[in-house]
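Coordinate analysis (summary)
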Amino acid sequence: MPYYSRTTTAATNLTKFTLSFWIKRGDNDTGIHQIWSIGAQTSSSGFIQLRFNDDDGGGHLRISGNDGSGDSCDFKSTKKLMDSQWYHFVLRVEMGNSAANKVRLYMNGDEVSWYASDTWATSTLASTFYTGGSGGNINIINAARDGSQAGDHHYAEMYFVDGQDLAASVFAEADATTGRWRAKANDTVRSSIGSFGNNGYYLSFENDASVTTLGYDYKTANRSGSPNDFTPNGMTSGHYGVPVSPDNDFPIMNEMSRDYTGWDFDDGGLKITTADSALQTQCYASRRLPKTGKWWWEAKLLELTTTGAGGTGNEFGFQTTGAREFVRWQYSHNNAANGNSITSAPSAGTQTIGSGGSTGYPSANDWYAFGADMDNGTFVVYKNGSQIGTTYSYNFNSTVEGFLPYFKNDEGVSGRGSSSIFNFGHGHTVTSNSGAGQSDGNGFGRFQYAPPTGYLSICDNNIPNPTIVPSEHFNVVTYNGNGSDNRAITLGFQPDLIISKRSQAAAGWAWIDSIRGVTHPLTSNGTAVQGTESAQVKSFTSTGITVGTDNNINGGSTNGYMLYGWKGGGTAVSNSDGSVTSTVSANTTAGFSVVKYTVPSSGDYTVGHGLGKKPDCIIIKGDYDGAQGNTYNWDVYTPDNDGTGGAGGRLKLNTADTRQTVAQPFRVEPTSTVWSQTQGGWYDAGSNNIAYCWTAIEGYSSFGYYNGLNNTHLMINTGFQPKFVVVKPNIGGSPGTGWRVFDKVRNPNNNQGTDNAMYWDQNIAQVAQNGIDLHSNGFSVYGEGDNNLNAAGTSYFYMAFAETPAEFARGTG
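Residues numbered from 1 in each chain as written. Predicted model: local features only at pLDDT ≥ 70, side-chain atom pairs only at ≥ 80, totals over all residues. Heavy atoms only, no water.

1. Observations regarding the nonpolar core
- If you look at the biggest cluster of nonpolar residues, it comprises 40 residues, and the most contacted ones within it are Trp-511, Tyr-564, Trp-566, Tyr-692, Trp-694, Phe-724 and Trp-760.
- Excluding anything up to four places from it in sequence, Tyr-692 contacts Leu-497, Trp-511, Asp-513, Arg-516, Leu-522, Phe-592, Ser-593, Val-594, Cys-617, Ile-618, Ile-619 and Trp-634.
- Counting 38 residues, the second largest nonpolar core, distinct from the first, contains Ile-252, Trp-263, Ala-299 and Leu-301. (Core = buried A, V, L, I, M, F, W, Y, C linked by side-chain atoms within 4.5 Å. Buried < 20%, exposed > 50% of the residue type's maximum accessible area, 1.4 Å probe, protein only. Contact = heavy atoms within 4.5 Å.)

Structure representation (structure tokens):
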């Protein structure tokens, strides 16, 4: 990516300015990546700079500066910012303020928090911040002054106002309908700003018609007066930048999803050069496909090796987030017939395309394109505008997991590096149509070749907005106890299932639902039947719950109570879809139901769940009231996915055991109306059972699997910004712990390492253990080699619930 530079003039005000800009990270490695700086960058001349820093594993946003008179500042954000989504930052500098408010930074409208040790060198910082000095006063974007420490970021809507300290609300606001933080119209912002001052400017970064226009200052509508233009550096003809918008975003190749070492990410995450020694490694795009529609993307093969034996080549196509299923085009580096083919997993066969050379083998600078028809279950591959092979059948919706565009360097031998450009519609290397490229049928994207009829670019404007509002159906809250009876705890809706736990002390889990009643908690860290606790939860209300004085939920001067709540259908109704009549409270919008039923006298039977879709997770506690004198384990159904889960097996919520092969609790695959069980030798006749059922809802909930790794983290793309994630070892390995629970409330800051974890199957206090980071589009799993979270040879089941759908999310961490 280029960087931009300009020499400033005399400042309107040496002590006060505001910088507002949108930024999307294209390079998420651990190095230093500059964002913006002004000043001579010497201690004697004054400067201030923003950058993503390399300390503590990389990712912290850092502000450093010097006033030129010996006083300085150095701040590092408490949160690591490794997201592939847009962030909005506003830097406010007012040297006349108190020490704590001289420099403030806002991210998506909220003030950024810093490490406690980060402060001013003195409490009386001198007044001047950028005076130029003998080194000259230079303003730099996307690199250091000498061009090093390149940022490789996408930018949009950058304002610099010389002489004013302005609030973030001047530049952006929350959308009234979706809550999404979005830029205000340029005319509105200009009106609020008034005078930009001597050094002020506005860069849209949209006009990439030439090297010059991308750095134009558009402070005034007609560019009259003396605009503060920037000089773009490191740009070549035909490569003028990546014109993108926070309000119609396109994917990039997401470095956080990597399983590799030594790869080089350039051009804002749209160019990957693989290392010769990196074998069997892959990377995903930042956006997963909707469950419906026809989707399209391109890749330009810049460099490939076609000599030598061995290796299976590079792969391009679509793969699930858990790397369990795929459909792809693949070529080998040895010009072999079997290396130019379309194939899929688990076992749908292979379509050989050609045997090299003129019969179809790729050459440097060829454009390949890939289309997924989610509705009709087909995959197509195009080369330089023409389809190769025949249309390939593949049922994308056969798995609960989401598909993403992906690339894999699948050599198997060393010495087979490659370089590719990925184009999801950005089109920064497109040459067709005089560089304007070809758009999709809706007029979005810029491709080298026109997508076939009906295929669309994977961008915000082509993807229907989710209609579900997560906070209306699920929430996580924490509070400290005060010992007050009938105390109201707010969830934001009336729940039909709550799970509560003291996070900072050894205490059991309480599962309480509206069908069995608020005074009857069940505990997931054991097999005991429900108790009667009149001093815990007193009532479910329209906004949450009221609690009593019990130490397990509201003890006086007791810290760290956690509450997780799901909204069902309210008052339960009779359901006769199964062979036994069930009592169901179902919320079909959010894919959740509470189901009570009684086991019949004999034989196989079915139970209606009320979801209207096949469940992806069912948790059952048999004989919950002990009427038959049993203390059953909690049986858990997880979704079918190529033998990983499904009917014929179970996990146990109350133990760390991996998947067991037993047929009785989930005899055959559930349907959109019922699940099936066997009475004989399992639940006794007359047992009263309670079940909690979920089905995945786009933008709100996700259930699936991932395969662990020993050498790196991995990212699971859920299609939303999670607020709550549970991970359980499923098959393989020897886990020592069970259902590991994470949430954003207890772990608000990404740190690529240790988090506060709790366990549904244990009554211990939260413990600092290997954890996860939460992003705008999913979560990253760390603890490489940890059998309980991320180890090779083990598959893991996860369940996640959203804070914000990806379409509305902004960079979070």
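The discussion continues.
2. A look at helix α1 (residues 186-193)
- Looking at α1, one finds that the buried residues are Asn-186, Val-189, Arg-190 and Ile-193. When α1 is viewed along its axis, its buried side chains cluster within an angular range of 100° and face the same direction. Of the exposed residues in α1, the ones pointing more than 90 degrees away from its buried face are Asp-187 and Ser-191.
- Buried positions along α1 lie against β11 (153-162) and β14 (201-203).
- A positive backbone phi angle near 75° is found at Gly-194, which sits one or two residues after α1. (Helix = DSSP H or I, 4+ residues; strand = E, 2+ residues; numbered from the N terminus. Arc of directions from axis to C-beta.)

3. Focus on the pairing of strand β25 (residues 366-373)
- In terms of residue burial, β25 counts as a mostly covered element, since 8 of its 8 residues are buried.
- Alternating residues of β25 divide into Asp-366, Tyr-368, Phe-370 and Ala-372 and Trp-367, Ala-369, Gly-371 and Asp-373, and every residue in both groups is buried.
- Looking at chain direction, strand β20 (residues 294-303) and β25 are connected through 8 bridges and run antiparallel. Across the sheet, Glu-298 pairs through a bridge with Ala-369, a residue of β25.
- Between β25 and strand β26 (residues 378-383), which pair antiparallel one after the other, the connecting turn spans 4 residues, and Gly-377 there sits at a positive phi close to 70°. (Pairing = 2+ DSSP bridges.)

4. Remarks on the sheet that holds strand β8 (residues 103-107)
- Reading across the sheet, the 6 strands line up as β9-β8-β7-β2-β11-β14 and stay open at both edges, with antiparallel pairing between neighbours. The two strands at the open ends of the sheet, each matched to only one other strand, are β9 (110-111) and β14.
- Here strand β7 (residues 86-94) pairs with β8 via 5 bridges, running antiparallel. Looking across to β8, one finds that Val-90 is bridged to Tyr-106.
- Strands β11 and β14 of the sheet are contacted by α1, whose axis makes an angle of about 25° with β11. (Axes fitted to C-alpha atoms, helices over the stretch in contact; angles between N-to-C directions.)

5. Considerations on the pattern of salt bridges
- In this structure the tally under the stated criterion is 25 salt bridges.
- A salt bridge links Arg-62 to Asp-55, with the shortest nitrogen-to-oxygen separation between them at 2.6 Å.
- Judged by its relative accessible area of 17%, Arg-62 is buried.
- Arg-650 is the salt-bridge partner of Asp-635, the closest N and O atoms lying 2.4 Å from each other. (Salt bridge = Lys/Arg side-chain N within 4 Å of Asp/Glu carboxyl O.)

6. Let's talk about unusual backbone geometry
- You will see that Asp-152, though not glycine, has its phi angle at about 55°, which is positive.
- Considering the arrangement of structural elements, one finds Asp-152 in the loop between β10 (138-141) and β11.
- Asp-152 gets classed as buried once you look at its relative accessible area, which sits at 6%.
- In this model, Ser-557 sits at a positive phi of 55°, which is unusual for a non-glycine residue.
- By the element assignment, Ser-557 lies in the loop between α2 (551-554) and β37 (561-566).
- The exposure class assigned to Ser-557 is exposed, which follows from its relative accessible area of 74%.

7. Describing the packing of aromatic side chains
- All told, the structure shown has 59 aromatic pairs when counted by the stated rule.
- When the centroid spacing of 5.0 Å and the interplanar angle of 45° are considered together, the rings of Phe-474 and Trp-566 count as tilted. Placement of the pair is Phe-474 in strand β31 (residues 474-479) and Trp-566 in strand β37, with a sequence separation of 92 residues. With respect to burial, Phe-474 and Trp-566 carry one shared label: buried.
- The ring of Phe-230 has Arg-6 sitting right over it, with the charged end atom 5.6 Å from the ring centre.
- Here the guanidinium or amino end of Arg-25 rests over the ring plane of Phe-52, the centre of that ring lying 3.9 Å away. (Phe/Tyr/Trp six-rings, centres within 6.5 Å; stacked < 30°, edge-to-face > 60°. Lys NZ or Arg CZ within 6 Å of the ring centre and 35° of its normal.)

8. What to know about the sheet that holds β10
- Within the open sheet, the 7 strands sit side by side as β6-β5-β4-β3-β10-β1-β15. Their pairing is antiparallel. Each having just a single partner strand, β6 (72-80) and β15 (231-233) make up the two edges of the open sheet. Going from strand to strand, the sheet's axes swing by 15° on average, the running direction of each strand aside.
- Bridge analysis of strand β4 (residues 47-52) against strand β5 (residues 60-66) gives 6 bridges, and the strand direction is antiparallel. Counterpart to Gln-49 in the pairing with β5 is Ser-64.

9. Some words on the side chain of Gln-530
- Mapped onto the secondary structure, Gln-530 falls in the loop between β34 (510-513) and β35 (537-540).
- For Gln-530, a relative accessible area of 17% puts it in the buried group.
- A distance of 2.7 Å separates the side chain of Gln-530 from the side chain of Arg-516, its partner in a polar contact.
- Excluding residues within four positions of it along the chain, Gln-530 makes contact with Arg-516, His-520, Pro-521, Leu-522, Tyr-624 and Asp-625. (Polar contact = N/O pair within 3.5 Å; in protein donor to acceptor, adjacent residues only side chain to side chain.)

10. Topic: the environment of Asp-496
- Structurally, Asp-496 is set in the loop between β32 (487-490) and β33 (497-502).
- Under the relative-accessibility criterion, Asp-496 is labelled buried at 2%.
- The sequence separation of Asp-496 and Thr-571 amounts to 75 residues, and the corresponding C-alpha distance is 8.9 Å.
- Apart from residues no more than four positions distant in its own chain, Asp-496 is found in contact with Ile-512, Asp-513, Ser-514, Phe-540, Trp-566, Lys-567, Gly-568, Gly-569, Gly-570, Ser-585 and Val-594.
- Side chain to side chain, Asp-496 and Ser-514 meet in a polar contact 2.7 Å long.
- At 2.8 Å, the side chain of Asp-496 and the backbone nitrogen of Gly-568 are in polar contact.

11. Here we look at the environment of Pro-451
- For Pro-451, the position within the fold is in the loop between β29 (419-423) and β30 (456-457).
- Overall, the relative accessible area of 13% leaves Pro-451 in the buried class.
- Counting along the chain gives 80 residues from Pro-451 to Gly-371, while the straight-line C-alpha distance between them is 8.6 Å.
- For Pro-451, the contacting residues outside a window of four places in its chain are Trp-296, Ser-439 and Asp-440.

Function-wise, these values are silent; they only describe arrangement.
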